[in-house]
Amino acid sequence: MDYKKSKAPVNTITRNIMDLCKDTGNIYESVVIIGKRANQIAVEIKSDLSKKLAEFASYNDSLEEVFENREQIEISRYYERLPKPSLLATQEFIEGNIYWRDPSKDNEDNQQQEEA
């Protein structure tokens, strides 16, 4: 996912909950799906940021010498300005870009097929 080019809003906006539950039929199920996707996005963003900041890592043991690297600050500011993972996940869900399945429903379908 390219979260850098996402159309997700940077600020929180009010949404109609009926729009969120039209695919699943249950608002709580929709929130769980969005929450799990938000966790995945947060891990992805964190690992990406960590890789970029690792280039600036200093392996000195002295605490006396702390210096600011302008590139490092700009990278950090860029990631701070990105939309939050929950907003990115909500936007993906509304656009229909999230694939999910319910294992309990899959088991019910398999049992019904076996009985037939």
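Figured I'd write up the structure that's included with this text. Source: prediction; values computed, not measured.

**A word on the environment of isoleucine 73**
Link 1 in the chain: Counting through the fold element by element, isoleucine 73 comes out in helix α3 (residues 70-81).
Link 2 in the chain: Owing to a relative accessible area of 25%, isoleucine 73 belongs among the partly exposed residues under this scheme.
Link 3 in the chain: Remark: the alpha-carbon pair of isoleucine 73 and leucine 53, spanning 20 residues in sequence, is separated by 9.6 Å.

**What to know about the packing of aromatic side chains**
We describe a pair of aromatic rings using the distance from one ring centre to the other and the angle between the two ring planes.
Link 1 in the chain: Applying the stated criterion across every chain, the model contains 2 aromatic pairs.
Link 2 in the chain: When the centroid spacing of 5.5 Å and the interplanar angle of 90° are considered together, the rings of tyrosine 78 and tyrosine 79 count as edge-to-face.
Link 3 in the chain: On the basis of relative accessibility, which here comes to 9%, the residue tyrosine 79 falls in the buried class.

**Here's the deal with the packing of helix α2 (residues 27-54) against α3**
Link 1 in the chain: Two elements in contact, α2 and α3, have axes separated by 10 Å at closest approach and are oriented at 170°. One way to sum up the angle between α2 and α3 is to call them roughly antiparallel. Two secondary-structure elements touch here, α2 through Ile45, Asp48, Leu49, Lys52 and Leu53 and α3 through Gln72, Ile75, Ser76 and Tyr79.
Link 2 in the chain: Its residues assigned to classes, the contact of α2 with α3 comprises 5 nonpolar, 2 polar and 2 charged.

**Remarks on the nonpolar core**
Link 1 in the chain: Counting 13 residues, the largest nonpolar core has Ile34, Ile41, Ile45, Leu88, Ala89 and Phe93 as its most contacted members.
Link 2 in the chain: Elements represented by at least two residues in this core include exactly α2 and α4 (85-95).
Link 3 in the chain: No other element matches α2, which puts 5 residues into this core.

**A closer look at the packing of α2 against α4**
Link 1 in the chain: Between α2 and α4, the least distance of the axes is 8 Å, while the angle of their chain directions is 125°. One way to sum up the angle between α2 and α4 is to call them oblique. Crossing of α2 over α4 shows right-handed handedness. Seen from α2, the contacting residues are Ser30, Ile33, Ile34, Arg37, Ala38, Ile41, Ala42 and Ile45; seen from α4, they are Pro85, Ser86, Leu88, Ala89, Thr90, Glu92 and Phe93.
Link 2 in the chain: Taken together, the residues that form the contact of α2 with α4 break down as 10 nonpolar, 3 polar and 2 charged.

**A closer look at the environment of lysine 5**
Link 1 in the chain: Relative to the helices and strands, lysine 5 is located in the segment before α1 (17-20).
Link 2 in the chain: C-alpha separation for the pair lysine 5 and leucine 82, spaced 77 residues apart in sequence, amounts to 9.7 Å.

**Observations regarding the pattern of salt bridges**
Link 1 in the chain: Taken as a whole and assessed by the stated rule, the structure comprises 2 salt bridges.
Link 2 in the chain: Note that arginine 37 and glutamate 92 form a salt bridge whose closest N and O atoms lie 2.7 Å from each other. Of this pair, arginine 37 sits in helix α2 while glutamate 92 is found in helix α4, placing the two residues 55 residues apart along the sequence. For the pair arginine 37 and glutamate 92, a shared accessibility class is recorded, and that class is buried.
Link 3 in the chain: In this structure, the salt-bridge partner of arginine 77 is glutamate 74, at a minimum N-O distance of 3.6 Å. On the criterion of helical spacing, the pair formed by arginine 77 and glutamate 74 is a turn pair, its members being 3 residues apart in helix α3.
Link 4 in the chain: Judged by relative accessible area, arginine 77 falls into the partly exposed class, the value being 43%.
Link 5 in the chain: Judged by relative accessible area, glutamate 74 falls into the partly exposed class, the value being 38%.

Cut-offs and rules
- Residues numbered from 1 in each chain as written.
- Predicted model: local features only at pLDDT ≥ 70, side-chain atom pairs only at ≥ 80, totals over all residues.
- Heavy atoms only, no water.
- Helix = DSSP H or I, 4+ residues; strand = E, 2+ residues; numbered from the N terminus.
- Buried < 20%, exposed > 50% of the residue type's maximum accessible area, 1.4 Å probe, protein only.
- Phe/Tyr/Trp six-rings, centres within 6.5 Å; stacked < 30°, edge-to-face > 60°.
- Axes fitted to C-alpha atoms, helices over the stretch in contact; angles between N-to-C directions.
- Parallel < 35°, antiparallel > 145°, perpendicular 65-115°, else oblique.
- Contact = heavy atoms within 4.5 Å.
- Nonpolar A, V, L, I, M, F, W, Y, C, P; charged D, E, K, R; others polar.
- Core = buried A, V, L, I, M, F, W, Y, C linked by side-chain atoms within 4.5 Å.
- Left-handed = near helix turned anticlockwise from the far one by under 90°.
- Salt bridge = Lys/Arg side-chain N within 4 Å of Asp/Glu carboxyl O.

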